[in-house]
Amino acid sequence: MKQNNETIVTEFLLLGFSLLKDTRLYLFIVIFIIYIVTITCNIFIVIIVKTERRLHKPMYFFIGGLSFLEIWFPSVTVPRLLWSLKTRKDSISLVGCMLQFYFHFALGAIEIFLLTAMAYDRYVAICNPLRYFMIMSPKICILLIVGSWVGGFSAVVGPCLQISTLSFCGGNQIDHYYCDLAPLLKLSCSETSSIETQFFCLSLLVILGCFFLIIVSYLCIIRTTMRLPTASGRKKAFSTFASHLIVVLLFYSTSIFMFVRPSTGGLLHVNKILSVFPSIVTPLLNPIIYTLRNHEVIEAIKKTTMKMNVFRIPV
């Protein structure tokens, strides 16, 4: 479409990993398997937390909430990537691109808020165990979950609305597998410095702000754990927060590097590679980490599996 002798972009080409022409099929198979296993594992965790009475505790309520989120987070970008790898059709409409941008970053913000809520849950469990079930009541847990979702969807509205008003009148090739901020700003012929500054400040507030709260929580947790009189007590306390700490480190190690820096140029290709971890790899690792390091979850899985075998209809 042309206007005032300028080409107005109405769709984008997501280059993704299209440059790897000889390995597209292998990449499709690997990502497809990871995606299916991710969705299956997280759905299974949600079902177990919902059905097993022994898991009706605040910690598992948050684990179920995180698994529910991890069903949707990769689903915003991975199916589109798989479609592109399989059909070699890389185009996405401007509206589709804005929707993908909004839901990807909104769900990412929700995960950050949810991990912070889970850190608070672990803080109360270890530093104030006698009042744990009174403080982390079902009402408070629901408020923290709902607040995380409302906060995540609200936080990204401003930047998304600003980006939707930009004019794209140059090239339309996005060197990414989803509509990320930096390549979109690079293609725009409008003034983007204010959007870049706003998004940077928002990332600073959400990512580093929540990370600071998590660090404070864990400083208190570790101090309390080290003061326990017995080695078995310290080991038990450590086992209650180790899984969450691993998940936090996995998620934040890439998120901080990708978003908490003012420059949008120079590292676009690096961002594309690193974004695979929070978008594709981490949603798979989270249920595995929580399962392998939690005895109650393992027992609940065994019980559920036995029930499935009992009710299986013989051929």
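Residues numbered from 1 in each chain as written. Predicted model: local features only at pLDDT ≥ 70, side-chain atom pairs only at ≥ 80, totals over all residues. Heavy atoms only, no water.

Looking at an unreviewed UniProt entry, one finds the chain named Olfactory receptor, with Eleutherodactylus coqui as its source organism. If you open the UniProt record of the chain and go to Sequence similarities (unreviewed entry), you find "Belongs to the G-protein coupled receptor 1 family." Taken verbatim from the UniProt record of the chain, the Subcellular location (unreviewed entry) comment is "Cell membrane". (UniProt positions renumbered as here; feature names shortened; annotations may be inferred.)

Draft legend 1. Just the environment of C41, in detail. Tracing the backbone shows C41 in helix α1 (residues 24–51). Distance from C41 to I288, taken between C-alpha atoms, is 8.0 Å for residues 247 residues apart in sequence. (Helix = DSSP H or I, 4+ residues; strand = E, 2+ residues; numbered from the N terminus.)

Draft legend 2. The arrangement of the state of the cysteines in detail. Tallying each qualifying case throughout the model produces one disulfide. Disulfide pairing is shown between C97 and C179; the S-S distance is 2.0 Å. Negative torsions about the S-S bond denote left-handed disulfides, and the value of about -130° found for C97 with C179 makes this one left-handed. In this pair, C97 sits in helix α4 (residues 94–127) while C179 sits in the loop between β5 (173–174) and α8 (181–187), placing the two residues 82 residues apart along the sequence. The pair formed by C97 and C179 is uniform in burial state, with each residue classed as buried. No disulfide involves C220; its nearest neighbouring cysteine sulfur is the one of C127, lying 5.6 Å away. (Disulfide = S-S within 2.5 Å. Buried < 20%, exposed > 50% of the residue type's maximum accessible area, 1.4 Å probe, protein only.)

Draft legend 3. Looking closely at the pattern of salt bridges. Tallied over the full model, the rule gives one salt bridge. Two residues, D121 and R122, come together in a salt bridge whose shortest N-O distance is 2.8 Å. R122 carries the same exposure label as D121, and that label is buried. (Salt bridge = Lys/Arg side-chain N within 4 Å of Asp/Glu carboxyl O.)

Draft legend 4. The pairing of strand β3 (residues 11–14), seen in detail. Here β3 shows a clear split, with F12 and L14 buried on one side and none of E11 and L13 buried on the other. Of the pairings in the sheet, the one linking β3 to β5 comprises two bridges and is parallel in character. Paired with L13 across the two strands is Q173, which belongs to β5. (Pairing = 2+ DSSP bridges.)

Draft legend 5. Spatial organisation of the nonpolar core. Of all hydrophobic cores here, the largest spans 44 residues; its most connected members are F62, L115, M118 and Y252. Only α1, α2 (58–72), α4, α6 (138–155), α9 (193–226), α10 (231–259), α12 (276–292) and α13 (295–310) provide two or more residues apiece to this core. A total of 11 residues in this core trace back to one element, the largest contributor, which is α4. Ignoring any residue separated from it by four or fewer positions in sequence, one finds L115 in contact with L66, I214, H244, V247, V248, F251 and Y252. (Core = buried A, V, L, I, M, F, W, Y, C linked by side-chain atoms within 4.5 Å. Contact = heavy atoms within 4.5 Å.)

Draft legend 6. Main features of the packing of α2 against α4. Where α2 meets α4, the axes come as close as 10 Å, and the angle between the chain directions of the two elements is 170°. Between α2 and α4, the angle is such that the two are roughly antiparallel. Crossing of α2 against α4: the hand is left-handed. Side by side, α2 and α4 meet where P58, M59, F62, I63, G65, L66, L69, E70 and W72 of the first sit next to L107, I110, E111, L114, L115, A117, M118, D121 and R122 of the second. (Axes fitted to C-alpha atoms, helices over the stretch in contact; angles between N-to-C directions. Parallel < 35°, antiparallel > 145°, perpendicular 65-115°, else oblique. Left-handed = near helix turned anticlockwise from the far one by under 90°.)

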